[in-house]
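Residue strings, one per chain:
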Amino acid sequence: MRVLKIGRSSSNNIVVNDPTVSSQHASLTISDAGELRIKDLNSRNGTFVNGRRIFQETLITSKDVIKAGNSVIDWQRHLNAPKAVRQVPVIDAAAITRRKTIGRTSANDIVVAYSDVSGSHAQLFEKSNGDIAIADSGSTNGTYVNGHKISTHILRPGDTIMLANKYPLDWSNAFPKVNQEQYLPQNNVPAKTNKTKTLLIASVFIVVVVAAAGFLFVQKPWEAQGPALFVSVSALSPEEIYARYKKSVVLIMGAYYYETARGYYSVDDNGRIVRINSEDDAIFYTGTGFIVSNDGKIITNKHVAAPWEYDDDVIAAIKKATGETNVEGRLAFIGCFLNDTYVSGIQDLIRCTPLKTGATKDIDVAVLQINSKTLPGGAETIIDLNQAVITDDGLVVGASLFTIGFPAGFDLGMTAQGIQANNQDGKITQIRGDVEFGHNIAVEHGASGSPVFNEYGKLVGIINAGYEKKQGYNMAVKAKYAVELVK
């Protein structure tokens, strides 16, 4: 049996330089049979397994995520046990024309940000004969086609792919058709000329129709840009949208508590009301935001800036437990970390101040501002609300969407390259009235406040809600409410 001590002190086997980690924080026991158990050593800020605080020695597996205070612990590399070598199916490289990787991390072409999806889960291949194939990349929880676990499989129209047998993957548009003009024989001048004429005629026809219609759909996303002789309507790839806005998106971290005339209160992970004496015992949480001005204004959700306003049940429980009639929510602090930066602890947090929130709970939008009222180093771009917002006319069911954010907070965001946002895509599924629209982008706690773009890179909304066990039925607040709040 071996015991690995975890904590801030240099005497530990696993040293974590984070002020939210106690000197002697937790212990990890590895039995001779290979059984793994984690125990909290009465730490101030707690030990967490897959997001849940533990209060007794807990059995874990190698895929569980352990946090001490606010730090995710890279504990697996300390086990000194050789990892099993997974056999990844081999596909003839000479037969492959295009390839896309699928997995949990942002390095993949298709990101599916769930903890039970492997970092490198599977790959899609287009073969030279036109076939599309999928190969599992040695994932922990498997890849399934039509309900059957596979290693490799040639896909046919109508086949359904499920990652970890839980998350559907839309593969039908993974490899858009290539423009066939490039394959016309170069010595066949008449054929190429005729093709060119057809394209020119079609283009002229499209321009005339769009002009006659007053740019029914296309003009609206850009009308805030002012007069222009020509506006490009070329769609952007998810990679291009991510590259354009990745430095605008931030991971928000905050902590809050409840104040009464008798003292300060918080809620533990078991839902119990507890009295507290310092902000170290406040309720910590994460979310997403995006920078919209050169003086450091950040858009996020109202429930990120003022979470207690959505905690009616908790406030009622505190009133019942204390006999108080007045319970007020208070921020201990709120701030942000920049995407694609290294974070060593809470000392790297860029402190912010809430400025405005939506007038009602339904208008789930808020504005924060960086305390220095400047753009921090590394924030190279902003999402300019005067230039980059689409109006309601451009919101139609079936339209493509893309988002950049931090689902699951540090659990997914913390990587060897620092914190990295995830890029997800989906479609508008429902118009829900004047305030919200529905979408099927996968969401998780921490994604709240993520910007949602259309395929032209224009801001259409802010992710604000979803069903934890019913992915595909999620909501976003329309972008116009962010514009109104910043004015």
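Procedures and definitions
Residues numbered from 1 in each chain as written. Predicted model: local features only at pLDDT ≥ 70, side-chain atom pairs only at ≥ 80, totals over all residues. Heavy atoms only, no water. 1 Å grid on protein atoms, 1.4 Å probe; cavity = no way out; pocket = protein on both sides within 12 Å on 5 of 7 lines; lining within 4 Å. Points joined across faces, edges and corners; volume = space filled by probe spheres on them. Helix = DSSP H or I, 4+ residues; strand = E, 2+ residues; numbered from the N terminus. Nonpolar A, V, L, I, M, F, W, Y, C, P; charged D, E, K, R; others polar. Pairing = 2+ DSSP bridges. Buried < 20%, exposed > 50% of the residue type's maximum accessible area, 1.4 Å probe, protein only. Arc of directions from axis to C-beta. Contact = heavy atoms within 4.5 Å. Salt bridge = Lys/Arg side-chain N within 4 Å of Asp/Glu carboxyl O.

### Re empty space enclosed by the protein
- Within the structure shown, the criterion is met by 1 cavity of 30 Å³ or more.
- Of the voids in this model, the largest cavity is the one considered here, and its volume is about 50 Å³.
- Listing elements by their share of the lining of the largest cavity, those giving two or more residues are strand 27 (400-405) and strand 30 (422-431).
- Residue composition of the lining of the largest cavity, grouped by class: 5 nonpolar, 5 polar and no charged.

### Some details on the layout of surface pockets
- Roughly 1200 Å³ of internal volume is contained in the second largest pocket.
- Forming the boundary of the second largest pocket are 35 residues, of which Ile110, Asp170, Gln424, Asp425 and Gly426 lie nearest the centre.
- Looking at which element gives the most residues to the lining of the second largest pocket, the answer is strand 30, with 5 residues.

### Observations concerning the sheet that holds strand 13 (residues 132-136)
- Taken together, 5 strands build an open sheet; the order of strands is 11-10-12-13-16 and the sheet is mixed. Each having just a single partner strand, strand 11 (110-111) and strand 16 (152-155) make up the two edges of the open sheet.
- Bridge analysis of strand 12 (residues 122-127) against strand 13 gives 5 bridges, and the strand direction is antiparallel. Note on strand 13: the bridge partner recorded for phenylalanine 125 is alanine 133.

### Side note on helix 4 (residues 312-322)
- Taken as a whole, helix 4 has its buried residues at Ile315, Ile318 and Thr322. Looking down the long axis of helix 4, one finds its buried residues gathered within 60° of arc, a one-sided arrangement. Turned more than 90 degrees away from the buried face of helix 4, the exposed residues are Asp313, Lys320 and Ala321.
- Looking at the buried residues of helix 4, the elements they touch are strand 19 (249-260), strand 20 (263-267) and strand 21 (273-276).

### Re the pattern of salt bridges
- According to the stated counting rule, one finds 11 salt bridges in the structure shown.
- Between arginine 156 and aspartate 131 there is a salt bridge, with its nearest N and O atoms 3.6 Å apart. One end of the pair, arginine 156, is in the loop between strand 16 and strand 17 (161-163); the other, aspartate 131, is in the loop between strand 12 and strand 13, with 25 residues separating them in the sequence.
- The class for aspartate 131 is partly exposed, based on a relative accessible area of 21%.
- Linking lysine 302 and glutamate 309 is a salt bridge whose minimum nitrogen-to-oxygen distance equals 3.3 Å.

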